[in-house]
Each structure stands twice: as C-alpha cells, then as structure tokens.
Amino acid sequence: MKITSAARINWLRRGVAAAVLAGAAVSGGFVAAGAADAYPVGPWRIEGPCKGATTSQCPMSPSRDGLTWSFHGDAWNYDKTGRFVCMSSAIYCGPLVTVIRALPPVQIGSGPSTIARR
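How each quantity is defined
- Residues numbered from 1 in each chain as written.
- Predicted model: local features only at pLDDT ≥ 70, side-chain atom pairs only at ≥ 80, totals over all residues.
- Heavy atoms only, no water.
- Helix = DSSP H or I, 4+ residues; strand = E, 2+ residues; numbered from the N terminus.
- Buried < 20%, exposed > 50% of the residue type's maximum accessible area, 1.4 Å probe, protein only.
- Contact = heavy atoms within 4.5 Å.
- Areas by Shrake-Rupley, 256 points an atom, 1.4 Å probe, with all protein chains shown as cover.
- Pairing = 2+ DSSP bridges.
- pLDDT = per-residue confidence, 0-100.
- Disulfide = S-S within 2.5 Å.

**Some points on the overall build of the protein**
For step 1, the next point in the chain: The helix and strand inventory of the protein stands at two helices and four strands.
For step 2, the next point in the chain: Beginning at the N terminus, the succession of helices and strands in the protein can be written as α-β-β-β-β-α.
For step 3, the next point in the chain: Relative to its 118 residues, the protein shows a buried fraction of 36%.
For step 4, the next point in the chain: Considering only contacts within the protein whose residues lie at least 6 apart along the sequence, 48% involve residues at least 24 apart.
For step 5, the next point in the chain: When the accessible area of the protein is evaluated, it comes to approximately 7,100 Å², of which 63% is carbon and sulfur surface.

What follows is the structure in structure tokens.
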C-alpha cells in the first residue's frame, strides 16, 4: 500500500512539474543564461537566487522576464518586486505565476527582494 501511495505522489509531482514547465514555456519561455548575458535579468532587474554572482557562477537558467529561474527541472519563481513566491513543485505555483505575470509589480512573495540596485 505504501509503494502505491509513493508511486502516486511521484506521478503527481512529475505531472505538476511538467504542467508548470509547459506553462512557463508558453508564457515566456526559458532562456539559458549565456556567457555574454549579465545579471540582473528581465525588465524588473531580478537577480533571483544568483544575487551577487556572475553568469558563470550561477547554475540557474532565468526565463526571459527573469521571474522564473530553473535548474534540473525545478524552478524558483519570483514576483515583479524580486521576492520569492514559490517552487514549481508546489501544486498552486503554476497558476500563481501566471497571475503574477499578468499583474503590475505587486509584492506577493516574501523575504528580501532580489532586485538589483544601481
């Protein structure tokens, strides 16, 4: 019985992760950070989990708008104020990130901002 439950949970996690990644690809697409790219990313100047690092030091790949940072199939999502919102493994994360992309810059996430200061 436990094996069946674990298998169901793993299947659900994979399905949710695939749905989130598909949604991110449709809404903005993932772009690998190239050597010529420099942080911060996107129109909101979000540095994400790589704040203070160079592109060669950060294993994460940001989306074009800088709100989603991915690494090995998992993604960290930020609001437009640079605050962490959710991991793609959370079932509510995909719809929430879609709403964040549609809204103007509003603080939804928590923690310190990862917006680059001039």
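More follows now that the structure is in view.
**Topic: the sheet that holds strand 2 (residues 68-71)**
For step 1, the next point in the chain: In spatial order, the strands read 1-2-3-4; together these four strands make up an open sheet with antiparallel pairing. In this open sheet, the two strands that pair with only one neighbour each are strand 1 (61-62) and strand 4 (84-87).
For step 2, the next point in the chain: Sheet topology note: the strand 2/strand 3 (residues 74-78) ladder contains four bridges and is antiparallel. Opposite Thr68, over in strand 3, you have Asn77 as the bridge partner.

**Let's talk about the confidence of the model for the protein**
For step 1, the next point in the chain: Of the residues in the protein, 67% have a pLDDT of 70 or more, and the chain-wide mean is 77.
For step 2, the next point in the chain: Within the protein, strand 4 carries the highest mean pLDDT (96), whereas helix 1 (residues 2-27) carries the lowest (53).
For step 3, the next point in the chain: For the stretch residues 25-37, pLDDT sits under 50, and the model shows 24 contacts to residues farther than four places along the chain or on other chains.

**Thoughts on the state of the cysteines**
For step 1, the next point in the chain: In the structure shown here, the tally under the stated rule is two disulfides.
For step 2, the next point in the chain: The disulfide partner of Cys50 is Cys58, and the S-S distance across this bridge is 1.5 Å. Taken as a pair, Cys50 and Cys58 share a single burial class, namely buried.
For step 3, the next point in the chain: Here Cys86 pairs with Cys93 through a disulfide, and the sulfurs are 2.0 Å apart. With the S-S bond torsion at 75°, the cross-link from Cys86 to Cys93 turns out right-handed. Here the two residues Cys86 and Cys93 agree in accessibility, since each one is buried.
For step 4, the next point in the chain: Each bonded cysteine of the protein is numbered by sequence order, and under that numbering the disulfide pairs are 1-2, 3-4.

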